[in-house]
Amino acid sequence: MRRELTAKGKATRHRIVEGAAAALRENGVGSVTLDDIMARTSTSKSQLFHYFPGGKDELLLAVAHYEADQVLEDQQPYLGCLDSWENWERWRDVVVARYEILGDTCPLGSLFLQVGRSTPGARAIVAELMRRWQESLAAGIRALRAAGGGGPSAGFDVDARAAALLAAIQGGVSILLATGRSDHLRAALDQGLADLRRDLTPTGAVTPR
């Protein structure tokens, strides 16, 4: 059983994970070695194996956890309070701006194209990220309804709509990573929000702007 780390030990482990994540984003799982990570993080071999006795596989899992948490953290505080159209718009702006700035070095790209494919454990972390992200979007849609956004149209499925929004983001980010252009990500989110507004606005009411 592994002993609880001290505050200093936690900081060192976090520094190694951050450095490994940055190296993997830039160069990919297949190219980065433990020696590269040790050099980047000024870590000795004994230190690295003290915190990650399972070697590279254990470190990759830690990086996957870190990147998954980062994907959600980058969308805060708006992802956690999608209870108004204004907050949905702000969330949309944050998502687009973040991926425009990070481009090829975004944590989502690292998870999908690099770390997430490395081991079954890492793929499970990606699946858990998708579940948490979709649940946050579904909670936001329900919060809109509770705040008086209007009754949904017949057949409206909150979870399916959240899944569609998530898929739209993934598609838009994938195109951005391939082309460097964010047009598709913007269009996908704009259309998704327009559909939500249409379906959650009572008949005869003025559609919010």
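Everything numeric here is computed off the predicted structure, so don't read it as measured data. (Residues numbered from 1 in each chain as written. Predicted model: local features only at pLDDT ≥ 70, side-chain atom pairs only at ≥ 80, totals over all residues. Heavy atoms only, no water.)

## Points about the overall build of the protein chain
When you go through the protein chain residue by residue, the secondary structure sums to 9 helices and 0 strands. When the helices and strands of the protein chain are read in sequence order from the N terminus, they spell out α-α-α-α-α-α-α-α-α. Within the span of the protein chain, comprising 209 residues, buried residues form 44% of the whole. Working note: accessible area of the protein chain is about 10700 Å², and carbon and sulfur atoms make up 52% of it. (Helix = DSSP H or I, 4+ residues; strand = E, 2+ residues; numbered from the N terminus. Buried < 20%, exposed > 50% of the residue type's maximum accessible area, 1.4 Å probe, protein only. Areas by Shrake-Rupley, 256 points an atom, 1.4 Å probe, with all protein chains shown as cover.)

## Regarding the side chain of N87
On the secondary structure map, N87 appears in helix 5 (residues 85–102). Side-chain polar atoms of N87 contact the backbone oxygen of C81, separated by 2.8 Å. Ignoring anything within four residues of it in the chain, the contact list for N87 reads Y78, C81 and L82. (Polar contact = N/O pair within 3.5 Å; in protein donor to acceptor, adjacent residues only side chain to side chain. Contact = heavy atoms within 4.5 Å.)

## Some details on the packing of helix 8 (residues 158–179) against helix 9 (residues 183–200)
Their axes nearest at 7 Å, the elements helix 8 and helix 9 cross at an angle of 165 degrees. Accordingly, the angle class assigned to the pair helix 8 and helix 9 is roughly antiparallel. Where helix 8 crosses over helix 9, the two elements pack in a sense that is right-handed. Residue-level contacts link R161, L165, A168, I169, G172, V173, I175 and L176 of helix 8 to H184, L185, A188, L189, G192, D195, L196 and D199 of helix 9. (Axes fitted to C-alpha atoms, helices over the stretch in contact; angles between N-to-C directions. Parallel < 35°, antiparallel > 145°, perpendicular 65-115°, else oblique. Left-handed = near helix turned anticlockwise from the far one by under 90°.)

## Structural notes on the pattern of salt bridges
According to the stated counting rule, one finds 15 salt bridges in the structure shown. With its nearest N and O atoms 3.2 Å apart, the salt bridge here joins R142 to D159. Residue R142 is found in helix 7 (residues 120–146), and its partner D159 is found in helix 8; the two are separated by 17 residues along the sequence. Of the residues examined, R142 reaches a relative accessible area of 42% and is grouped as partly exposed. Here D159 falls in the partly exposed class, since its relative accessible area comes to 38%. Here the residues in one salt-bridge network are R161, D195, R198 and D199, joined through shared partners. (Salt bridge = Lys/Arg side-chain N within 4 Å of Asp/Glu carboxyl O.)

## Here we look at helix 9
Note: α-helices contain 3.6 residues per turn, so residues at a spacing of three or four share the same orientation. For helix 9, with 18 residues, the first-to-last C-alpha span of 26 Å sits near the 26 Å given by 1.5 Å per residue. Looking only at helix 9, the buried set comprises L185, L189, G192, L193, L196, R197, D199 and L200. Check the buried side of helix 9 and you find it contacts helix 5, helix 7 and helix 8. (Expected span 1.5 Å × (residues − 1).)

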